[in-house]
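# Chain and residue survey
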Amino acid sequence: WNGSVWQRYYFNTVWRRWALDTDTITDAARDTVVLRPDRGLMITRRADTPLDLAVVGRVLAVPQRAMHLRTENGRTFLATMQTGDVTLGALAMQRSDRTPGWRASADPAQADLLAVWSGAVWFTFYYNDQVGHWQRVGEPTGNRDDFLIAAGTPVWIQRRTAASAV
């Protein structure tokens, strides 16, 4: 995700290099494209056989501080950067030490949104500051602080404006 469209890379076996799905032979190799550790990544397997992936890096010693630099109603695709499963309540994206300027509201049309892939659909949540917990958009009540985000699952963050519609 580059902020407006998906960037789809694949390894071109004829060119023997990484390429975007829109590249031609004359385009530069994509072998050195930086994959930021705080950004989400989705992989599509095009074979029937399993593929084992090893992700190498450091484990966070402190909770992630999410940087959402998009404009109003812009979206950021983030990695949760957690070593294990984490609940919405424990992820605590609404806290100022985790996400500066997070907009909480009892009205989801005025709150920043967090969407989590369930494996089939996106579940969208907002932090209701009047009751002090996460709620799923479309549910008038219900504490979703215990909603579990599986390790490695990326999330969408959407900055909202007060006049936005859900």
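Basis of the calculations
- Residues numbered from 1 in each chain as written.
- Predicted model: local features only at pLDDT ≥ 70, side-chain atom pairs only at ≥ 80, totals over all residues.
- Heavy atoms only, no water.
- Helix = DSSP H or I, 4+ residues; strand = E, 2+ residues; numbered from the N terminus.
- Buried < 20%, exposed > 50% of the residue type's maximum accessible area, 1.4 Å probe, protein only.
- Contact = heavy atoms within 4.5 Å.
- Areas by Shrake-Rupley, 256 points an atom, 1.4 Å probe, with all protein chains shown as cover.
- Pairing = 2+ DSSP bridges.
- Axes fitted to C-alpha atoms, helices over the stretch in contact; angles between N-to-C directions.

### As for the overall build of the chain
The number of helices and strands found in the chain is one helix and nine strands. In sequence order, the chain lays out its α and β elements as β-β-β-β-α-β-β-β-β-β. By residue count, 32% of the 166 residues in the chain fall in the buried class. At a minimum sequence separation of 6, the contacts of the chain that also span at least 24 residues come to 55%. Summed over all atoms, the accessible surface of the chain reaches about 10,700 Å², with 53% contributed by carbon and sulfur.

### Some remarks on the pairing of strand E2 (residues 17-20)
Two strands pair when backbone bridges link them, and strand E1 (residues 9-12) and E2 are joined in this way by four bridges, in the antiparallel orientation. Bridge pairing links Phe11 to Trp18 in E2. Count of turn residues in the E1/E2 antiparallel hairpin: four residues, of which Arg16 carries a positive phi of about 55 degrees.

### Notes on the pairing of strand E7 (residues 133-136)
Sheet topology places strand E6 (residues 122-128) next to E7; four bridges connect them, and they run antiparallel. In the strand pairing of E7, Phe125 is matched with Arg136.

### Examining the sheet that holds E7
An order of E3-E9-E5-E6-E7 is seen for the five strands of this open sheet, with the pairing classed as antiparallel. Strands with a single pairing partner mark the edges of an open sheet, and in this sheet they are strand E3 (75-78) and E7. Along the sheet, successive strands turn relative to each other by an average axial angle of 30 degrees, direction set aside.

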